[in-house]
Amino acid sequence: MTLLAMNGLLAIAWGALWGSLSPINLLAGFLLGYAGLWFARDLIGRGEQHYFRALPQSVILAVYFVKELVKSCVNVARDCISPKPRLHPAIVRMPLDVTSDIEIFLVANLISLTPGTLTLDVAEDRSFLVIHSIYAEDPDALVAELKSGMEHRVREVFRK
């Protein structure tokens, strides 16, 4: 059984003990289960240790994505109602440091889900993404921002 599944079962057990499977009880159970598993990590095989770093990194990625999503939504909405929008559309190539299919999939989709950017293609050799952005006044700065933001945080989630 994976540690995530075990943590989920601990959260459900916590909620059942309290007599309510409310989101607050489940979250509290999940956090307490995570802490309990962390304290028992020496009893867990080395292959499962990745969970204790990947889960907090996943939360960091989710918070970062929501922040970027809100920021992009505001920018696009502002330019939709502005008489002089600040649009500089361009298609750029972003070299990839991530290598696995799931990492490339996640980076490409997080970029596409952010308003104002769209992943158009992945190179056949999976070495770069082709991205369209409506805010590419400086294409190099855009690529640097995406690499240090989305790609870096995805890489941290899957780093062993």
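These remarks concern the structure in this document. (Residues numbered from 1 in each chain as written. Predicted model: local features only at pLDDT ≥ 70, side-chain atom pairs only at ≥ 80, totals over all residues. Heavy atoms only, no water.)

**Things to note about the layout of surface pockets**
Condition: Lining residues are defined by having an atom within 4 Å of a point belonging to a cavity or pocket. Those points lie on a 1 Å grid over the protein atoms alone, cavities being sets where a 1.4 Å probe fits but cannot get out and pockets being open sets with protein on both sides within 12 Å along at least five of seven lines. Grid points are joined across faces, edges and corners, and a volume is the space filled by probe spheres set on the points. Strands are runs of DSSP state E lasting at least 2 residues, helices are runs of H or I lasting at least 4, and numbering of each runs from the N terminus.
The volume enclosed by the largest pocket comes to roughly 490 Å³. Together, 25 residues line the largest pocket, and S72, N75, Y135, L142 and E145 are the ones closest to its centre. Those elements that provide at least two residues to the lining of the largest pocket are α3 (51-81), α4 (101-113) and α5 (139-158). In terms of residues, the lining of the largest pocket owes the most to one element, α3, which gives seven residues.

**Observations regarding the packing of aromatic side chains**
The criterion, for reference: Here a pair means two rings of Phe, Tyr or Trp (six-membered ring of Trp) with centres within 6.5 Å. Their orientation is stacked below 30 degrees between planes, edge-to-face above 60, and tilted elsewhere. Note on exposure labels: buried denotes an accessible area under 20% of the residue type's maximum, exposed denotes more than 50%, and partly exposed covers the range between, all computed with a 1.4 Å probe on protein chains only. Note on criteria: charge over ring means Lys NZ or Arg CZ within 6 Å of the ring centre, with the direction from the centre no more than 35 degrees off the ring normal.
Summed over the entire model, instances satisfying the criterion amount to five aromatic pairs. With a centroid separation of 5.2 Å and an interplanar angle of 70°, the aromatic rings of W38 and F39 are classed as edge-to-face. Judged by relative accessible area, W38 falls into the partly exposed class, the value being 35%. Taking the centre distance of 5.7 Å and the plane angle of 70° together, the rings of Y51 and F52 count as edge-to-face. Neither Y51 nor F52 differs from the other in exposure class; each is buried. Above the ring of F128, the side-chain terminus of R93 is found at 3.6 Å from the ring centroid. When the ring centre of Y64 is taken as origin, the NZ or CZ atom of R153, which lies over that ring, is 4.0 Å away.

**Some thoughts on the pattern of salt bridges**
To be explicit about the condition: Salt bridges are counted wherever a side-chain nitrogen of Lys or Arg sits within 4 Å of a carboxyl oxygen of Asp or Glu.
According to the stated counting rule, one finds eight salt bridges in the structure shown. E68 is the partner of K71 in a salt bridge, and the nearest nitrogen-oxygen pair spans 3.3 Å. Taken together, the residues span about one helical turn, with K71 and E68 both in helix α3 at a distance of three residues. In this structure K71 comes out as partly exposed when scored by relative accessible area, which is 40%. A salt bridge links D97 to R155; the nearest nitrogen and oxygen atoms lie 3.7 Å apart. Taken as a pair, D97 in the loop between β1 (90-95) and α4 and R155 in helix α5 lie far apart in primary sequence, 58 residues in all. For R155, a relative accessible area of 27% translates into the label partly exposed. A single network of salt bridges, built from pairs that share partners, joins D97, K147, E151 and R155.

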